[in-house]
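# Residue-level structural notes
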Amino acid sequence: VWGCQSRSDLLTERAAEAMARNGCRYVDLGVESFDQRVLDFIKKGVTVEDQIRAIRTLKRCGISAKINVLLGTSPLETVDTIRRNMEMIRKLDVDQVMFSIVAPFPGTEFYEMAKQNGWFVYGDYRPVDVQKRSIISYPHLSAKDLERACRRANYQFFLSPRFIRKHI
C-alpha cells in the first residue's frame, strides 16, 4: 500500500489504473484553488478542468484524492472564491483536504509583491502555522478573514455528515 503526489495535468487514466493495480491508495494533488484567475495569477500551469478530471479519474480508479487548498494565494482571492472552492470540493466528493493560508516565502515573486504592497501583517515574512495563522492581509481580505475562512473550511469539511459517514 502506498501513495504519492502528482500534478493534475499529468495524471492520466492509464497511469491511475496502473497505480491502483499496484497498491496506490491515495494521491496528493496541489490544487490550490478552483478559480482559474487565481491559478493563472500564481502561474500554476493547470486548468480547473485538469484538476476536476484528475480527481474524477482517481475516484473512478478507486484511489483516494487528497487535495491541498491554499487560501489567500493571490490578491484575487475573495470570500466568494473561497466559498466557491468549498462548493466544488463538496460537488467532487473529495476524500481528504488540507486547507492552508498562503505564506509568501522570501526570494519568490509573490514575496516581493507582498512586501511592496504592504500585505505582510508583521512587516515581513514570519514562520507560522499556516493552517491556523495568516501572515498576510489584503485590503479586501484581512488576516482575520483568512484565519476564519480556514477554520470554517476545516469545520465544514471534516464535520460534514458525508465525511463522518465515510470514516466511521
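Refer to the structure above for everything that follows.
Residues numbered from 1 in each chain as written. Predicted model: local features only at pLDDT ≥ 70, side-chain atom pairs only at ≥ 80, totals over all residues. Heavy atoms only, no water.

### Quick look at unusual backbone geometry
To be explicit about the condition: Numbered from the N terminus, helices here are DSSP runs of H or I no shorter than four residues, and strands are runs of E no shorter than two. Buried means the residue's accessible area, taken with a 1.4 Å probe over protein chains only, is under 20% of the maximum for its type, while exposed means over 50%, and partly exposed covers the values in between.
The phi dihedral of E32 falls on the positive side, at around 70°, and the residue is not glycine. Examined against the element boundaries, E32 turns out to sit in strand β2 (residues 24-32). In the Ramachandran plot, D93 falls in the positive-phi region, its phi being about 55° despite a non-glycine side chain. Summarising the element assignment, D93 is placed in the loop between α4 (79-92) and β4 (96-101). Assessed through its relative accessible area of 22%, D93 is described here as partly exposed.

### As for the pairing of strand β1 (residues 2-6)
Counted only if it meets this: Each pair of strands is called paired provided DSSP finds at least two bridges between the two strands. By convention, orient the strands away from the viewer: a clockwise path from the first strand over the helix to the second makes the crossover right-handed.
Here five bridges tie β1 to β2, and the two strands are oriented parallel to one another. Counterpart to C4 in the pairing with β2 is V27. After leaving β1, the chain enters helix α1 (residues 13-21) and then returns to the sheet as β2, a path that is right-handed.

### Some remarks on the pattern of salt bridges
The line we're drawing: Should a side-chain nitrogen of Lys or Arg be within 4 Å of a carboxyl oxygen of Asp or Glu, the pair is scored as a salt bridge.
Under the defined criterion, the tally for this structure stands at 17 salt bridges. Across the salt bridge formed by K59 and D95, the nearest N and O atoms sit 3.7 Å from each other. Of this pair, K59 sits in helix α3 (residues 48-60) while D95 sits in the loop between α4 and β4, and the two are 36 residues apart along the sequence. Given a relative accessible area of 30%, K59 falls into the partly exposed group. Members of the salt-bridge network, linked through shared partners, are D35, D80, R83, R84 and E87.

### Considering the sheet that holds strand β3 (residues 64-71)
The cut-off we apply is this: A fitted line through C-alpha atoms represents every axis, and for helices the fit uses only the stretch in contact; the resulting angles, taken between N-to-C directions, go from 0 to 180 degrees. Between two residues, a contact is recorded if the distance between any of their heavy atoms is within 4.5 Å.
Reading across the sheet, the four strands line up as β1-β2-β3-β4 and stay open at both edges, with parallel pairing between neighbours. The open sheet has two edge strands, β1 and β4, and neither has a second partner. If you compare each strand with its neighbour and ignore which way they point, the axes differ by 20° on average. Pairing analysis gives six bridges linking β3 to β4, with the strands arranged parallel. Residue I67 lies in a different strand from β4, and its bridge partner there is V97. Relative to β2, α1 is tilted by about 140°, and along the sheet it contacts β1 and β2.

### Examining the side chain of T73
Its place among the elements puts T73 in the loop between β3 and α4. Judged by its relative accessible area of 4%, T73 falls in the buried class.

### Points about the layout of surface pockets
Which entries qualify depends on this criterion: Definitions used for this entry: grid spacing 1 Å over protein atoms alone; cavity, a set of points where a 1.4 Å probe fits but cannot get out; pocket, an open set with protein on both sides within 12 Å along at least 5 of 7 lines; lining residue, one with an atom within 4 Å of a point. Grid points are joined across faces, edges and corners, and a volume is the space filled by probe spheres set on the points. Under the scheme applied, nonpolar residues are Ala, Val, Leu, Ile, Met, Phe, Trp, Tyr, Cys and Pro; charged residues are Asp, Glu, Lys and Arg; polar residues are all the others, including Gly.
Considered as a void within the structure, the largest pocket measures approximately 400 Å³ in volume. As for the largest pocket, its lining consists of 16 residues, of which L70, T73, V102, T108 and F110 are closest to the centre. Of all the secondary structure elements, the ones that give two or more residues to the lining of the largest pocket are β4 and α5 (109-117). When the residues that make up the lining of the largest pocket are grouped by side-chain class, the tally is 11 nonpolar, three polar and two charged.

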